[in-house]
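Structural description and commentary
One letter stands for each residue in the lines below.
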Amino acid sequence: MTKSKSDPTDGTPFEAVIGLEAHVQLKTRSKMFCGCENRFGAEPNTLVCPVCLGHPGSLPVVNRQAMEWAARVGLACGCEIARFTKFDRKNYYYPDLPKGYQISQYDLPICNGGEVEVHFANDSGVVRRKIGLVRIHLEEDAGKNIHAEARPESWVDLNRAGVPLLEIVSKPDMHTPEEAGAYLRMLRLIMLYLGVSDCNMEEGTLRCDVNISVRPRGSTHLETRTEIKNLNSFTHVENALQHEITRQMKIKARGEKIVQQTLLFDPEKGETRVMRGKEEAHDYRYFPEPDLAPWIFSEEWIESLRKSLPEMPAVRLQRFQGALGLSPYHADVLVRDVVMAEFFEEALETYDKAQSVANWVTNVVREESNARGISAKEIGISPARLAGLVRAIDEGKVSNQKARDVFKAMLGNTRAVAEVIGELGLEQISDDSFIRNAVKEVIGKHPGPVEDVKKGKENSINFLVGQVMRQSKGKANPGIVLKLVKEELGV
Amino acid sequence: MTTREASIIEIRDSLLAGRTKAVEVIHEALRQIRAVDPQLRATSQIFQEEALARAEELDMKLKKGEEPGLLAGVPFTVKDNICTRTGTTTAASKIIPTFRAPYDATVVLKLLAAGAIPIAKTNMDEFGMGSSTENSATVGPTRNPWRTTHVPGGSSGGAAALAAATRGMLHLGSDTGGSIRQPASYCGVTGIKPSYGRVSRYGLLAFASSLDQIGVLQSSARECAAALSVIAGRDPMDSTSASRAVPHYLGELERDVRGLRLGIPTEYFPDAIDAEVRARVQEGIDVFRRLGVETREVSLPHTRYANPTYVLISAAEASSNLARYDGVHYGHRARNPQGLVELYARSRAEGFGAEVKRRIMVGTFVLSAGYHEAFYNKACKVRKLIRQDFESAFKEVDAIVCPTSPVTAFPIGAKIDDPLKLYAVDILTVPANLATVPGISFPCGLTSEKLPVGLQIYGRPFEDHTVLRLAHAFQMTTKFHLAAPPVYAGS
Ligand SMILES: [Zn+2]
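Since we're looking at a predicted model, the values are computed, not measured.

So, the overall build of chain A
Secondary structure assignment for chain A yields 15 helices and 17 strands. With the C-alpha coordinates aligned to their principal axes, the bounding extent of chain A is approximately 95 × 55 × 55 Å. Put simply, chain A has 491 residues, and 53% of those count as buried. Of the contacts made within chain A by residues no fewer than 6 positions apart, 69% connect residues no fewer than 24 positions apart. Summing over all exposed atoms, chain A offers an accessible surface of approximately 22,500 Å²; the carbon and sulfur share of this is 50%.

Here we look at the interface of chain B and chain A
Contacts between chain B and chain A engage 38 residues on the former and 32 residues on the latter. For the pair chain B and chain A, the summed buried area comes to about 2,700 Å², and 56% of that belongs to carbon and sulfur atoms. Broken down residue by residue, the surface that chain B buries against chain A is led by R324(B), H329(B) and Y330(B), which jointly contribute 22%. The tally of links between chain B and chain A comes to one salt bridge. For R201(B), the salt bridge goes to D291(A), with nearest N and O atoms at 3.1 Å. At the level of secondary structure, the elements contributing two or more residues to the side of chain B that touches chain A comprise α10 (306-321), α11 (340-351) and α12 (354-367) of chain B. The element best represented in the side of chain B that touches chain A is α10(B), accounting for five residues.

Here we look at the environment of L53(A)
By secondary structure assignment, the location of L53(A) is in the loop between β1 (14-25) and α1 (64-76). Spatially, the C-alpha atoms of L53(A) and G100(A) are 11 Å apart, while their sequence positions differ by 47 residues. Those residues within four positions of L53(A) in sequence are excluded, and the remaining contacts are V48(A), P98(A), L158(A) and Y330(B).

A look at the pattern of salt bridges
Applying the stated rule across the entire model yields 57 salt bridges over all chains. E223(A) is the partner of K252(A) in a salt bridge, and the nearest nitrogen-oxygen pair spans 2.3 Å. Note that K252(A) is positioned in helix α3 (residues 234-253) and E223(A) in the loop between β12 (206-216) and β13 (226-231), a separation of 29 residues in sequence. A relative accessible area of 18% means that K252(A) is categorised as buried. Note that R316(A) and E345(A) form a salt bridge whose closest N and O atoms lie 3.7 Å from each other. One end of the pair, R316(A), is in helix α5 (residues 313-321); the other, E345(A), is in helix α7 (residues 338-350), with 29 residues separating them in the sequence. A relative accessible area of 22% means that E345(A) is categorised as partly exposed. Put simply, R89(A), E289(A), D291(A) and R201(B) are held in one network by salt bridges that share partners.

Describing the coordination of the zinc ion
Residue and element names in this part refer to chain A. The zinc ion binds to the protein through C34 (SG), C36 (SG), C49 (SG) and C52 (SG); the donor distances cover 2.3 to 2.4 Å. Between the four donor atoms coordinating the zinc ion, the angles at the centre fall across 98 to 116°, so the site counts as tetrahedral. Written as a sequence motif, the donor residues of the zinc ion are C-x1-C-x12-C-x2-C. Here C52 lies in the loop between β1 and α1 and C36 lies in the loop between β1 and α1, a separation of 16 residues in the sequence. Residue class for C52 comes out buried when judged on its relative accessible area of 7%.

A word on the sheet that holds strand β1 (residues 43-46) of chain B
Where strands meet in a sheet, backbone hydrogen bonds hold them as pairs that are either parallel or antiparallel. All names here are of chain B. Strand order across the open sheet formed by 11 strands is β1-β3-β2-β4-β6-β5-β10-β11-β9-β7-β8, with mixed pairing between neighbours. At either margin of the open sheet sits one strand with a lone partner, and together these are β1 and β8 (294-298). Mean inter-strand twist for the sheet, computed between neighbouring axes without regard to direction, equals 30°. Sheet topology note: the strand β2 (residues 75-79)/strand β3 (residues 117-122) ladder contains five bridges and is parallel. When the bridges of β3 are listed, F76 appears paired with P118. The strands touched by helix α3 (residues 48-63) are β1 and β3; relative to β3, the strand with the most contacts, the crossing angle is about 160°. Packed onto the sheet, helix α9 (residues 275-290) meets β7 (261-265), β8, β9 (399-403), β10 (439-446) and β11 (452-459) and runs at close to 50° relative to β11.

Here we look at the state of the cysteines
Tallied over the entire structure, the rule returns zero disulfides over all chains. Considering cysteine sulfurs only, C49(A) is the nearest to C83(B), which forms no disulfide, with 13 Å between them. Take C83(B): its relative accessible area is 0%, and that puts it in the buried class. In this structure C444(B) is a free cysteine whose sulfur lies 11 Å from that of C402(B), the closest cysteine sulfur available. On the basis of relative accessibility, which here comes to 1%, the residue C444(B) falls in the buried class.

Description of unusual backbone geometry
Residues and elements named next belong to chain B. The omega torsion of the bond from G154 to S155 falls at 10°, within 30 degrees of zero and hence cis. You can see S155 is positioned in the loop between β3 and α5 (157-165). Even without a glycine there, the phi angle at A91 is positive, about 55°. Taking relative accessible area as the criterion, A91 reaches 0% and is therefore assigned buried.

Details of the domain arrangement of chain A
Interface extent is often summarised as the accessible area lost during association of the parts. Its domain assignment divides chain A into domain 1 (14-304), domain 2 (311-424) and domain 3 (432-489). One C-alpha centre belongs to domain 1 of chain A, the other to domain 3 of chain A, and the line joining them spans 64 Å.

A closer look at the nonpolar core
Counting 142 residues, the largest nonpolar core has F127(B), L170(B), L172(B), F288(B), F390(B) and L468(B) as its most contacted members. Per element, the largest residue contribution to this core is nine residues, and it comes from helix α2 (residues 22-40) of chain B.

Thresholds, definitions, all that
Residues numbered from 1 in each chain as written. Chains lettered and ligands numbered in written order. Predicted model: local features only at pLDDT ≥ 70, side-chain atom pairs only at ≥ 80, totals over all residues. Heavy atoms only, no water. Helix = DSSP H or I, 4+ residues; strand = E, 2+ residues; numbered from the N terminus. Buried < 20%, exposed > 50% of the residue type's maximum accessible area, 1.4 Å probe, protein only. Contact = heavy atoms within 4.5 Å. Areas by Shrake-Rupley, 256 points an atom, 1.4 Å probe, with all protein chains shown as cover. Buried area = accessible area lost by both parts, 1.4 Å probe. Salt bridge = Lys/Arg side-chain N within 4 Å of Asp/Glu carboxyl O. Donors = N, O, S within 2.8 Å, 3.2 Å for Na, K, Ca; no water. Tetrahedral: all angles 85-135°; square planar, octahedral: opposite > 155°, others 65-115°. Pairing = 2+ DSSP bridges. Axes fitted to C-alpha atoms, helices over the stretch in contact; angles between N-to-C directions. Disulfide = S-S within 2.5 Å. Domains from an automatic or database assignment. Core = buried A, V, L, I, M, F, W, Y, C linked by side-chain atoms within 4.5 Å.

This is the structure:
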């Protein structure tokens, strides 16, 4: 496989080794250990109670939905689900952590192993790769510190404190920023398919730490790595990796050693700065959370969760390309948008020419929903009516070009395709005898171009077809026009 | 010698029969407390107005013919580490001298629902750390009503002193390593630490979550049974509370004890036990023999490791539980700190007392990387062995009998400078907390110096009714529990 341009190790004797720790906020109705509403964007400190404020005497209670969702994510990624799992306390001081410890999981996470299949396009076409997972565990999110600009003051908003947070730790299986980006995008897609998180990086519902080391190509040794914390956009992840891989290669090229450090990425400057060194690493003094009993998953429960899993993106991609015969491009575009893919599949129930429907959904429907900033389901045409329009095109009842006007006219109402086409006067004429007459008339009027065609000038055929289309006010089926022009001229 | 009769159970009947009014009951309780408190310093706050208001409300309800709860009109005191909406909850610490809980602990809610009326908060060792109530940073030492130069034991020393010096009230305490039973023993009252999980901990300021349990200190086992029947049971707010059905404790008391098998563990009668304590306890065991209870020797071979195990586990959990008192969200905040680290360090250094700091440091140390395995993990393993000791013993016997404390109440100031001596006072009580079994202490006589000696009975987990039943049978044939101390306000 040829390396894409975004790979800074391209053409060097080095290979990068990248691992990701993704933090995904689950959109459960309530928080991880209390009944407070789990919602983004509320007034500071309004979604709080004694438990998530860490009030003296308060105790946590596990959110069953969060446990179930974490297990679902694990099952979707092929992880081993722990039959016996527990929570631990991670002890450290920070103003956004009201209890002075975070309830997390240390040695018995909910999910172990597993993998995420990613696919991305590069110079050599679509690349598929499986990225291994180490573990997935559940913990509570911290609050948010807000620092005053002008005054030496800080505030803490604890609305986010106690929101269920899934930590997904990958193996160091990635080698390029592009792969890392593709992995993170696929993780997001999996969460969207499962409906467990919005994975909105701007709202912080998906955050990411990356581990990077660089080694001589061909080596299997894991070398000293650095960690970049709190990356909050896909672009930042890729840019930070580009920067850090390049920095490490330069150091290694000089024969110097990489220092194990935790770094922060400044997206404005495109640089990293040191957050803390190895010697300042925290000792979190983990120990089992005594306020919570261990959690037992029964075989039956795991099986029922497994059975209730929806089709996951990698499987859907294969089905769209295989059974439905879509082009890799169309399959990919559809799979990346859950709502659009559903729209597409519903449309197929009315009209099963998959590629034709896919063309329209990924093109016109997508443009419309993007332009209006709404989902495919909200643009005002049902999948069945769209399917009817595509069928009308395929059956030659309306030209592909005019069909866009029909589409616009169908938005926001429930009128049938045929009715709209008729009203707009856009029926396509596919009647051979009618078109043949028009063709004969045009040939009689333009002896020059006819001669050119006979001499082998292809362009002149297009001219003659254009003339026929003009005469029919655009309603003649262009395919039939072309066929008849060629027949009449004997070419 | 003045004697006293158990009475909280009769209050409801007196109210119903119109023999007295709730307001009169509260006035009498306030009179008693005010009569002894200047000498004993047993309370931290008295809720005169609130209690009288509640009593008036109750009298109105009774007038209207409403059915009163099981403990209607019973005045109750709350150890100062249990949250009450009324007044402050300080755990006798200067780190939260003005903390007003926004909620009532579950035990308080249950008592309120049963018609009981909170009347005062009682003094204690800071955060429950101590065995003498000398470590109270807010009130100062509480004194023993049997001899006011002596300690009442601790940490529920305020509750124990009041239970001994008054009558007709319910006293909530908490027990992490003997904090109910040891002061009950020193003050000549009956105190039960229920099975772990039997009573909700929600609203109890945590010292060591896996050991803490709320219980009561009363004049008799029968009063304890009445109190426990109200406060026991599953609480959805406390995941460690047990869902098994609550037995009918008062009914269970009446069952004959003949034929029950009582184990005498050799390890609980070491040479260090005071000779008079040993004698009273042996006489107490003879009482059981006369009642037809079978006695036999049992062995709990890991007993000698119980105290160090307790010290390590309780300190480890405390170091984490007390992290929230950091000057940012709760508690005392140092003035003009230079930066965040100094804010934490100075706030905690200024706010916590010496014993609390000692245990936080021990706990932080035993959880630290490099020491975790040798100390904390080892202690957890030994804890399992101690629990297994009990499981084996309880295959042969129905309950275990031993002294509550190796010594009787000691003079104020005698041991405070030597933490190891003070910790040794707990050696016979900590195993119950480590093994999560119920334990009760009740008086079995006085020494020649007129200081009470406590007899302790352990039962199988969730057989709180068995230890209550044995203690009740004992109290039906003896009068030790009726003896009133020199400082006594009951009429
Ligand atoms: Zn909350």
